[in-house]
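Coordinates in review
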Amino acid sequence: KLFALYPAQFWPHKNHVRLVEALSIVRDVMPSVDFNLVFTGNRRHSGWPAVASAIERLKLSDRIYCLDYVPTNHLAGLYKAANFCVMPSTFEASSYPVIEAQLFGCPAMCSNVTSLPELMQGGAGLLFDPLDAQDIANQMLRWLRDPEDAARHAERASKKVRSEHGIESYVAAINQV
């Protein structure tokens, strides 16, 4: 099965509802493609009821898998198996899921807000408007239609993240202090 991974808690600003809406658009455009979403995170958070309602309203319960808590050593396997990671959050100081995806060679796309675009500089991933389900869907469709493009982004991201977050960069930063 093809799937996008979104490892995030179900808080309203994580914007799961628009991602569910984007999946509905993708399914309408490419009905023959078995594309799904995989969510991790605790469904007891305040954003879950709206997500559950959207899944029901759009009849996507057979296309969205909610795994709840995933142990760290299993999360790596999800990144490696995913077609891409998608981060539609409306606010982030940074994004460990995007950085983790990049480290594991998983193509990543995220919102074009706050600090997130910095993670995608140099062709390291795709950006979209988190308030526009069609824009999110367009980016997912791009990589579903052109997995080689996704792979090229993942390769650039892997180099970028290793240079910026590798041990050498931390040692250099500590030496500067």
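Note: the structure precedes this text.
The following refers to the structure shown. (Residues numbered from 1 in each chain as written. Predicted model: local features only at pLDDT ≥ 70, side-chain atom pairs only at ≥ 80, totals over all residues. Heavy atoms only, no water.)

1. What to know about the overall build of the chain
The helix and strand tally for the chain stands at eight helices and six strands. Beginning at the N terminus, the succession of helices and strands in the chain can be written as β-α-β-α-β-α-β-α-β-α-β-α-α-α. Expected size for 177 residues packed as a compact globule is a radius of gyration near 16 Å; at 16 Å, the chain falls within 12% of this value. Dimensions of the chain, computed from C-alpha atoms along their principal axes, come out at roughly 55 × 35 × 30 Å. A burial count over the chain gives 48% of its 177 residues as buried. (Helix = DSSP H or I, 4+ residues; strand = E, 2+ residues; numbered from the N terminus. Rg over C-alpha atoms; globule rule 2.2 N^0.38 Å. Buried < 20%, exposed > 50% of the residue type's maximum accessible area, 1.4 Å probe, protein only.)

2. Description of the pairing of strand β1 (residues 2-7)
Of all the six residues making up β1, five are buried; the element is thus mostly covered by neighbouring parts of the structure. As judged from the six bridges shared by β1 and strand β2 (residues 35-40), these two strands associate in the parallel manner. Of the residues in β2, the one forming a bridge with L5 is V38. A crossover links β1 with its parallel partner β2, the connecting element being helix α1 (residues 16-29), and its sense is right-handed. Pairing of β1 with strand β4 (residues 84-87), which is carried by two bridges, proceeds in the parallel orientation. Within the sheet, the bridge partner assigned to A4 lies in β4 and is F84. (Pairing = 2+ DSSP bridges. Right-handed = clockwise from strand over helix to strand, strands pointing away.)

3. Side note on the nonpolar core
One finds F35, F39, I64 and M140 to be the most contacted residues of the largest nonpolar core, which totals 53 residues. Looking at this core, the element that brings in the most residues is helix α6 (residues 133-145), giving six residues. Excluding residues within four positions of it along the chain, F39 makes contact with Y6, F10, H16, L19, V20, V51, I64, Y65, C66, L67 and D68. (Core = buried A, V, L, I, M, F, W, Y, C linked by side-chain atoms within 4.5 Å. Contact = heavy atoms within 4.5 Å.)

4. Some thoughts on the environment of L116
Mapping L116 onto the fold places it in helix α5 (residues 116-119). Residues L116 and N15, 101 residues apart in the sequence, show an inter-C-alpha distance of 14 Å.

5. Let's talk about the layout of surface pockets
A volume near 330 Å³ is recorded for the largest pocket. Contributing to the lining of the largest pocket are 16 residues, with P7, A8, Q9, T40 and L75 lying nearest its centre. Looking at the lining of the largest pocket, the elements that each hand over two or more residues are α3 (72-81) and α4 (96-103). The greatest single-element share of the lining of the largest pocket, amounting to three residues, is contributed by α4. Among the residues making up the lining of the largest pocket, the classes are represented as eight nonpolar, five polar and three charged. (1 Å grid on protein atoms, 1.4 Å probe; cavity = no way out; pocket = protein on both sides within 12 Å on 5 of 7 lines; lining within 4 Å. Points joined across faces, edges and corners; volume = space filled by probe spheres on them. Nonpolar A, V, L, I, M, F, W, Y, C, P; charged D, E, K, R; others polar.)

6. Examining helix α2 (residues 48-57)
Three- or four-residue spacings in an α-helix give side chains the same orientation, since the helix completes a turn every 3.6 residues. Among all positions of α2, only W48, V51, A54 and I55 are buried. Angular distribution of buried residues about the axis of α2 spans 125°; they occupy a single face of the element. Residues P49 and E56 are exposed on α2 and point more than 90 degrees away from its buried face. Looking one or two residues past α2, K59 carries a phi angle of roughly 55°, positive in sign. (Arc of directions from axis to C-beta.)

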